[in-house]
Amino acid sequence: RAPFVSFQERAKLATNPTANKLFQLMASKKTNLAVAVDLTVKQEILDLAEKIGSEICVLKTHVDIVQDYDQQFIKDLQAIAAKHNFLIFEDRKFADIGNTVKYQFENGVYEISKWADMVTIHGVAGPAIIDGFRESIKTTGAGLLLLAQMSSKGSMCVGEYTNQMVEMGKSNQDAVMGFICQERLSAMSDNFVLMTPGVQFNSAGDSMGQQYNTPEYVIKEKNTDVIIVGRGIYKSSNPKEEAIKYRTASWSAYESKQ
Ligand code: 5IU
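Reading guide: rules and limits
Residues numbered from 1 in each chain as written. Predicted model: local features only at pLDDT ≥ 70, side-chain atom pairs only at ≥ 80, totals over all residues. Heavy atoms only, no water. Helix = DSSP H or I, 4+ residues; strand = E, 2+ residues; numbered from the N terminus. Rg over C-alpha atoms; globule rule 2.2 N^0.38 Å. Buried < 20%, exposed > 50% of the residue type's maximum accessible area, 1.4 Å probe, protein only. Areas by Shrake-Rupley, 256 points an atom, 1.4 Å probe, with all protein chains shown as cover. Near = heavy atom within 4 Å. Polar contact = N/O pair within 3.5 Å; in protein donor to acceptor, adjacent residues only side chain to side chain. Nonpolar A, V, L, I, M, F, W, Y, C, P; charged D, E, K, R; others polar. Contact = heavy atoms within 4.5 Å. Expected span 1.5 Å × (residues − 1). Pairing = 2+ DSSP bridges. Right-handed = clockwise from strand over helix to strand, strands pointing away. pLDDT = per-residue confidence, 0-100.

A look at the overall build of the protein chain
Link 1 in the chain: Summing up its helical and strand segments, the protein chain has 10 helices and 8 strands in all.
Link 2 in the chain: Relative to the compact-globule value of 18 Å for 258 residues, the protein chain shows a C-alpha radius of gyration of 17 Å, a close match.
Link 3 in the chain: Based on the C-alpha atoms only, the size of the protein chain along its principal axes is roughly 45 × 45 × 40 Å.
Link 4 in the chain: The burial tally for the protein chain puts 55% of its 258 residues in the buried class.
Link 5 in the chain: Of the roughly 11200 Å² of accessible surface on the protein chain, a fraction of 50% belongs to carbon and sulfur atoms.

Considerations on the site of the ligand
Link 1 in the chain: In the region of the ligand, 15 residues are neighbours, and Asp38, Ser151, Gln210, Tyr212 and Arg231 sit closest.
Link 2 in the chain: Within the backbone of Gly230, one N or O atom sits 2.9 Å away from an oxygen atom of the ligand.
Link 3 in the chain: Between an oxygen atom of the ligand and a side-chain N or O atom of Arg231, the distance comes to 2.7 Å.
Link 4 in the chain: Coverage of the ligand by the protein chains reaches 92% of its 490 Å² of free accessible surface.
Link 5 in the chain: Of the residues in the shell around the ligand, the class split is 6 nonpolar, 4 polar and 5 charged.

Points about the environment of Lys222
Link 1 in the chain: By the secondary structure assignment, Lys222 is in the loop between α8 (215-221) and β8 (226-229).
Link 2 in the chain: With a relative accessible area of 26%, Lys222 lands in the partly exposed category.
Link 3 in the chain: The spacing of Lys222 and Ile180 is 42 residues in sequence and 13 Å in space, taken between C-alpha atoms.
Link 4 in the chain: Not counting residues up to four positions away in its chain, the partners in contact with Lys222 are Gln182, Glu183, Arg184 and Tyr217.

Focus on helix α2 (residues 17-29)
Link 1 in the chain: Along its 13 residues, α2 runs 18 Å from first to last C-alpha, staying within 8% of the 18 Å computed at 1.5 Å per residue.
Link 2 in the chain: Among the residues of α2, Thr18, Ala19, Leu22, Phe23, Leu25, Met26, Ala27 and Lys29 are the ones counted as buried.
Link 3 in the chain: Where α2 starts, the residue carrying a side-chain oxygen 2.8 Å from the main-chain nitrogen of Thr18 turns out to be Asn16.
Link 4 in the chain: Positive backbone phi, approximately 55 degrees, marks Lys30, located one or two places after α2.

With respect to the pairing of strand β4 (residues 118-121)
Link 1 in the chain: The alternating pattern of β4 places Met118 and Thr120 and Val119 and Ile121 on opposite faces, both of which are buried.
Link 2 in the chain: Bridge analysis of strand β3 (residues 87-94) against β4 gives 3 bridges, and the strand direction is parallel. When the sheet's bridge partners are listed, Phe94 is paired in β4 with Ile121.
Link 3 in the chain: Once the chain exits β3 it traverses helix α5 (residues 98-106) before rejoining the sheet at β4, and the crossover so formed is right-handed.
Link 4 in the chain: Pairing of β4 with strand β5 (residues 143-147), which is carried by 4 bridges, proceeds in the parallel orientation. Directly across from Thr120, in β5, lies its bridge partner Leu145.
Link 5 in the chain: For the crossover that starts at β4, traverses helix α6 (residues 131-140) and ends in the parallel β5, the hand is right-handed.

A closer look at the pairing of strand β6 (residues 176-180)
Link 1 in the chain: Of all 5 residues in β6, 5 are buried, a share of seventy percent or more.
Link 2 in the chain: Bridging between β5 and β6 involves 4 bridges; their strand directions are parallel. Residue pairing for β6: Leu144 is matched across the bridge by Val176.
Link 3 in the chain: Between the parallel pair β5 and β6, the chain is carried across by helix α7 (residues 159-170), and the sense of this crossover is right-handed.
Link 4 in the chain: In terms of strand pairing, β6 meets strand β7 (residues 193-197) through 3 bridges, oriented parallel. In the strand pairing of β7, Ile180 is matched with Met195.

Description of the confidence of the model for the protein chain
Link 1 in the chain: Averaged over every residue, the pLDDT of the protein chain is 97; the share at 70 or more is 100%.
Link 2 in the chain: Ranking the elements of the protein chain by mean pLDDT puts α6 last, at 96, and strand β1 (residues 33-36) first, at 99.
Link 3 in the chain: Scored as a complex, the prediction yields pTM 0.98 and ipTM 0.99.

Brief notes about unusual backbone geometry
Backbone geometry follows two general trends: most residues other than glycine have a negative phi, and most peptide bonds adopt the trans configuration.
Link 1 in the chain: Positive phi values are uncommon outside glycine, yet Lys93 reaches one of about 50 degrees.
Link 2 in the chain: Within the fold, Lys93 resides in strand β3.
Link 3 in the chain: Looking at Lys93, the relative accessible area reads 26%, which means it is partly exposed.
Link 4 in the chain: Phi angles above zero are rare outside glycine, and Asn223 is one such case at about 60 degrees.

So, in structure tokens, the structure goes:
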């Protein structure tokens, strides 16, 4: 395994402002737990964010599933993020040509560029997709997360495609803050944040192709940095208590690598 480098040290190596911010936040708050809040009513999202905000480094949204979305929702979420000190990650999975993703990022109902600290990007369109974000993130300092691997069964983000995504990140280190991946590959340098979805303590998966690993396995064996937990937390009868369990498990797994 690659030698251990602490989040504090990785903050100094970070080439993207949000990567720097997130490494520092994780080190000071002592949490590498991100929560995927896939709820469809804004008040439910805000209530959950308020409950678990103290335990997390990142809250991941799918803003296009919120049935009663409005700009106040974003203001309220940002206030909770500021109060509890976490970042907002819109998992938009942009995939079109640069000119189109620029509109999708900056315009439309959601105006994602105005509020997201980080967004996800597929590489199918080729590296020039990143040019669609460059101008906007120059002012906000937001980070791009490249989808190098997926958790779902039969994912086609594998092999040479994955290698090319890592190369795409390395050639655009100013804009790219890290990767969504299932494992640390040797080519993934320490300036990048590695975030892993498909995490749950006790589940074999779901009926729609999702596959799960435990926090320990992901952080320790697969050597990534952040776990992304959705239903394992937001479907729980006591999300706060469950978030503490995931936080503790993933943080001790991180510390055990020292
Ligand atoms: N997500 C994945 N797998 C991936 C990618 C994103 O599950 O490879 I890229 C998203 C989908 C969902 C969250 O928002 O992460 C996982 O939710 P559950 O923990 O409820 O499965």
